[in-house]
Amino acid sequence: MTGQSAPEEQVDWAAAERRARARQPVVLLVLLGLIGGIYALTGQFLLPGRAGLLLAAAYVLGFVVLLAVARLHPRLRERTAQGYRVQHALRHRLDPGPGAREKADRLAMQTVGIVWMRWWLLPPLVAVGPLVGAPWDRPLVAVPGALALLAGVLAWALQYRRLWLDARRWVADPPGPAREMPDLPTWVRWLGGWSFPIAMLVILTVTGAVAVVVVVASR
């Protein structure tokens, strides 16, 4: 099977960009669901108490400002437009033309190379901790928080799964002229392989063990 390689003028890239920009509020809702759910269930977001609340607010505000700047600044708007074009090409296996074609190749290779995301490991890990430590004795807080968190995690997981499948299809049969897929830097391959989550698990385990030892020794 050969990917579509229609000339650029036959693809309405402007319409694809408008649709991508119109989906940004949905991305913001997913982000709010993740952060709001985590904060409701744990009372913190990376930091305890009010500091965590301020950090969550700053994170969301920063995302909104970034979207606004990307729309208003001409150079950033052009860069984000090319990013939307690459995503549209990847999703529908369309040849986006020189320049963008190479970016699509790299994005597809990087996405396919993240083997631990292929098996849906990260979204459940994000949800497990807050759900286990949730204040279930206060259902009016815990239940809405859990629903918001699970909705955000599910939307994130489904979107990434779709991207992974599109990337795998692209790598197997890239549209446009025949070419070799680009080689990925060593650090990208390391982050995408099993070494990264294993290293993070070891770090978290050691940190937790040290914390337990410190608490026990201080009694």
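Provided above is the structure to which this section pertains.
Nothing here was measured: the structure is a model prediction, and the numbers come from that model.

Novice: Account for the overall build of the chain, naming residues and giving values.
Specialist: Secondary structure assignment for the chain yields 10 helices and 2 strands. Along the chain, helices and strands appear, N-terminal first, in the series α-α-β-β-α-α-α-α-α-α-α-α. Along the first, second and third principal axes, the C-alpha set of the chain runs to 70 × 35 × 30 Å. In the chain, the share of contacts with a sequence separation of at least 24, taken over all contacts with a separation of at least 6, comes to 75%.

Novice: Go over a positive patch on the surface with me, naming the residues and quoting the values.
Specialist: On the surface, a cluster of positive charge is contributed by Arg75, Arg79, Lys103 and Arg106. When residues of the positive patch are traced back to their parent elements, those giving at least two are helix 4 (74–92) and helix 5 (100–113).

Novice: I'd like a description of helix 8 (residues 139–172), backed by residues and values.
Specialist: In a regular helix each residue adds 1.5 Å, so 34 residues correspond to 50 Å; helix 8 covers 48 Å between its end C-alpha atoms and thus fits that length. Looking only at helix 8, the buried set comprises Ala142, Gly145, Ala146, Leu149, Gly152, Val153, Ala157, Tyr160, Trp164, Asp166, Ala167 and Trp170.

Novice: An account of the packing of aromatic side chains is needed here, citing residue identities and associated values.
Specialist: Across all of its chains, the model carries 0 aromatic pairs by this definition. The positively charged end of Arg85 is found above the aromatic ring belonging to Trp13, 4.9 Å away from the centroid.

Novice: Tell me what's going on with the pattern of salt bridges, and back it up with residues and numbers.
Specialist: Evaluated as defined, the whole model comprises 7 salt bridges. For Glu17, the salt bridge is made with Arg77, and the minimal N-O distance between the two is 3.9 Å. Here Arg77 lies in helix 4 and Glu17 lies in helix 1 (residues 13–22), a separation of 60 residues in the sequence. For Glu17, a relative accessible area of 18% translates into the label buried. A relative accessible area of 34% places Arg77 in the partly exposed class.

Novice: For a nonpolar patch on the surface, give the residues involved together with the corresponding values.
Specialist: Taken together, the side chains of Trp194, Ile198, Val202, Val206, Val210 and Val214 make up a nonpolar region of the molecular surface, amounting to roughly 550 Å² of accessible area. Within the secondary structure layout, Trp194 lies in the loop between helix 9 (186–192) and helix 10 (195–218).

Novice: Let's hear about unusual backbone geometry: which residues, and what values?
Specialist: Phi at Arg93 takes a positive value of approximately 50 degrees, unusual for a residue other than glycine. Owing to a relative accessible area of 7%, Arg93 belongs among the buried residues under this scheme.

Conventions and cut-offs
Residues numbered from 1 in each chain as written. Predicted model: local features only at pLDDT ≥ 70, side-chain atom pairs only at ≥ 80, totals over all residues. Heavy atoms only, no water. Helix = DSSP H or I, 4+ residues; strand = E, 2+ residues; numbered from the N terminus. Contact = heavy atoms within 4.5 Å. Patch = residues over 30% accessible without salt bridge, like charges linked within 9 Å, V, L, I, M, F, W, Y side chains within 5 Å. Areas by Shrake-Rupley, 256 points an atom, 1.4 Å probe, with all protein chains shown as cover. Salt bridge = Lys/Arg side-chain N within 4 Å of Asp/Glu carboxyl O. Lys, Arg positive; Asp, Glu negative; His and termini not counted. Charge placed at Lys NZ, Arg CZ, Asp CG, Glu CD. Expected span 1.5 Å × (residues − 1). Buried < 20%, exposed > 50% of the residue type's maximum accessible area, 1.4 Å probe, protein only. Phe/Tyr/Trp six-rings, centres within 6.5 Å; stacked < 30°, edge-to-face > 60°. Lys NZ or Arg CZ within 6 Å of the ring centre and 35° of its normal.

Function cannot be inferred from these measures alone, as they are strictly geometric.
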